Amino acid sequence: MNSAESAQKHRLRMQRKKAVVDAAIARADQDRGVLLVLTGNGKGKSSSAFGMVARALGHGLRVGVAQFVKGRSDTGEEAFLGRQPEVVWRVLGEGFSWETQDLARDAETAQRGWAVVRDMLRDDSLGLVVVDELTYVLKRGWLDLPTVLADLAVRPPMQHVVITGRGAPEALCEAADTVSELRDVKHAFRAGVRAQKGIDL
Ligand code: ATP
Ligand code: MG
């Protein structure tokens, strides 16, 4: 094949590809709130969610962020996003009883936390709601999954929700519109690098 022939072949292939892509774009004609689940053992779930917070703010949306696990209070995302006027930032994990392992008390803390999320899911001034580490409380049985799914289902039609955390339950993934699983290929921590500001914190 000479170069003119291969250029022509490439052009035809690209034309066919463009027709397929254009048709797919034309088919996607709905506007509505989407439910996203970011799960898996790889790094990038919460940071992806906070990236979407920045995007949403850039488009003028109000955003609610609810974090079920308070690992530490010196994270860059809380320092920066938490002080934005259009962000409502709530930490819901305070009071989990790491030491006493008091199941009833932890379930109560989780349920109080979910009540805060439920208020966000009923607030149509919030264009995006992030529920960080929700799977953590679901896995421990501190929250009832059917209740969570029911509250998500009746949220305002244009409200987007991002849920993060390892091991998302199947029913949650089924209810979601977009599910991404972050795969752990490598992590610097295992090479002895402690959590770095701007990357992990
Ligand atoms: P990030 O907040 O950085 O996007 P994540 O939300 O995907 O991470 P989590 O399970 O919430 O992951 O863990 C949070 C912290 O644990 C971060 O400091 C992150 O770098 C670290 N981490 C995430 N995945 C791994 C892993 N596979 N091995 C070791 N540490 C990890
Ligand atoms: Mg996370």
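Details of the structure are given in the entry above.
Computed from a predicted structure; not experimentally measured.

### Regarding the sheet that holds strand β2 (residues 62-67)
Then, number 1: Pairing in this open sheet of six strands is parallel, and the strands run β3-β2-β4-β5-β1-β6 from one edge to the other. For this open sheet the edge positions go to β3 (87-91) and β6 (178-181), each flanked by a neighbour on one side alone. Taken pair by pair, the neighbouring strands of this sheet meet at an average axis angle of 10°, ignoring direction.
Then, number 2: In terms of strand pairing, β2 meets β3 through five bridges, oriented parallel.

### Topic: the site of ligand 1
Then, number 1: Within the structure, ligand 1 sits among 14 residues, and Lys 43, Lys 45, Ser 47, Glu 133 and Asp 200 are positioned closest to it.
Then, number 2: Contact between ligand 1 and Ser 47: an oxygen atom at 2.6 Å from a side-chain N or O atom of the residue.
Then, number 3: Within the side chain of Arg 166, one N or O atom sits 3.0 Å away from an oxygen atom of ligand 1.
Then, number 4: Relative to its free-state accessible area of 580 Å², ligand 1 is covered by the protein chains to the extent of 79%.
Then, number 5: Per-class residue counts for the shell around ligand 1 are one nonpolar, six polar and seven charged.

### Points about the packing of aromatic side chains
Then, number 1: If you walk through the whole model with that rule in mind, you get two aromatic pairs.
Then, number 2: Centre to centre, the rings of Phe 50 and Trp 89 are 5.6 Å apart; their planes meet at 25°, and the pair counts as stacked. Taken as a pair, Phe 50 in helix α2 (residues 45-58) and Trp 89 in strand β3 lie far apart in primary sequence, 39 residues in all. The pair formed by Phe 50 and Trp 89 is uniform in burial state, with each residue classed as buried.
Then, number 3: Between the aromatic rings of Tyr 136 and Trp 142, the centroid separation amounts to 5.9 Å while the plane-to-plane angle is 80°, which identifies the pairing as edge-to-face. For the pair Tyr 136 and Trp 142, one class covers both residues: buried.

### So, the environment of Met 158
Then, number 1: Considering the arrangement of structural elements, one finds Met 158 in the loop between α6 (145-153) and β5 (160-164).
Then, number 2: Here Met 158 falls in the partly exposed class, since its relative accessible area comes to 48%.
Then, number 3: For the pair Met 158 and Asp 124, spaced 34 residues apart in sequence, the C-alpha separation works out to 8.0 Å.
Then, number 4: Not counting chain neighbours up to four residues away, the residues in contact with Met 158 comprise Asp 31, Arg 32, Gly 33 and Gly 127.

### Quick word on the pattern of salt bridges
Then, number 1: Scanning all chains against the criterion turns up seven salt bridges.
Then, number 2: Residue Asp 22 pairs with Lys 18 through a salt bridge whose shortest N-O separation is 2.8 Å. Here the residue Asp 22 and the residue Lys 18 both occupy positions in helix α1 (residues 3-27), the gap between them amounting to four residues, near one helical turn.
Then, number 3: Asp 22 sits in the partly exposed class, given a relative accessible area of 36%.

Rules and cut-offs
- Residue numbers here run from 1 along each chain, matching the order of that chain's written sequence.
- Chain letters start at A and ligand numbers start at 1, both assigned in the order the entries are written.
- Where totals are concerned, whole chains, interfaces and linings use all residues; where local detail is concerned, this predicted model gives features only for residues with pLDDT of at least 70, and gives and counts side-chain atom pairs only at 80 or more.
- Side-chain metrics rest on all non-hydrogen atoms present in the structure, leaving aside hydrogens and water.
- When DSSP locates at least two bridges between a pair of strands, those strands are taken to pair.
- Here a strand is any run of E in DSSP of at least two residues, a helix any run of H or I of at least four, and the numbering for each starts at the N terminus.
- Axes, fitted as lines to C-alpha atoms, cover a helix only where it is in contact. Angles between the N-to-C directions of the axes lie from 0 to 180 degrees.
- Proximity is defined per residue: if any heavy atom of the residue lies within 4 Å of a molecule or strand, that residue is considered near it.
- Between N or O atoms, a polar contact is any pair within 3.5 Å; within protein, one atom must be a potential hydrogen donor and the other a potential acceptor, and residues adjacent in sequence are included only when both atoms are from side chains.
- Only the protein chains shown count as cover for residues, and all accessible areas are computed by the Shrake-Rupley method using a 1.4 Å probe.
- For this classification, Asp, Glu, Lys and Arg are treated as charged, while Ala, Val, Leu, Ile, Met, Phe, Trp, Tyr, Cys and Pro are nonpolar and the rest, including Gly, are polar.
- Between rings of Phe, Tyr and Trp, where Trp is taken as its six-membered ring, a pair exists when centres lie within 6.5 Å; planes separated by under 30 degrees are stacked, by over 60 edge-to-face, and by other angles tilted.
- Exposure categories follow from relative accessible area, calculated using a 1.4 Å probe and restricted to protein chains: below 20% of the type maximum is buried, above 50% is exposed, and the middle band is partly exposed.
- We call two residues contacting when some pair of their heavy atoms lies within 4.5 Å.
- Take a side-chain nitrogen of Lys or Arg and a carboxyl oxygen of Asp or Glu: if they are within 4 Å of each other, that pair is a salt bridge.

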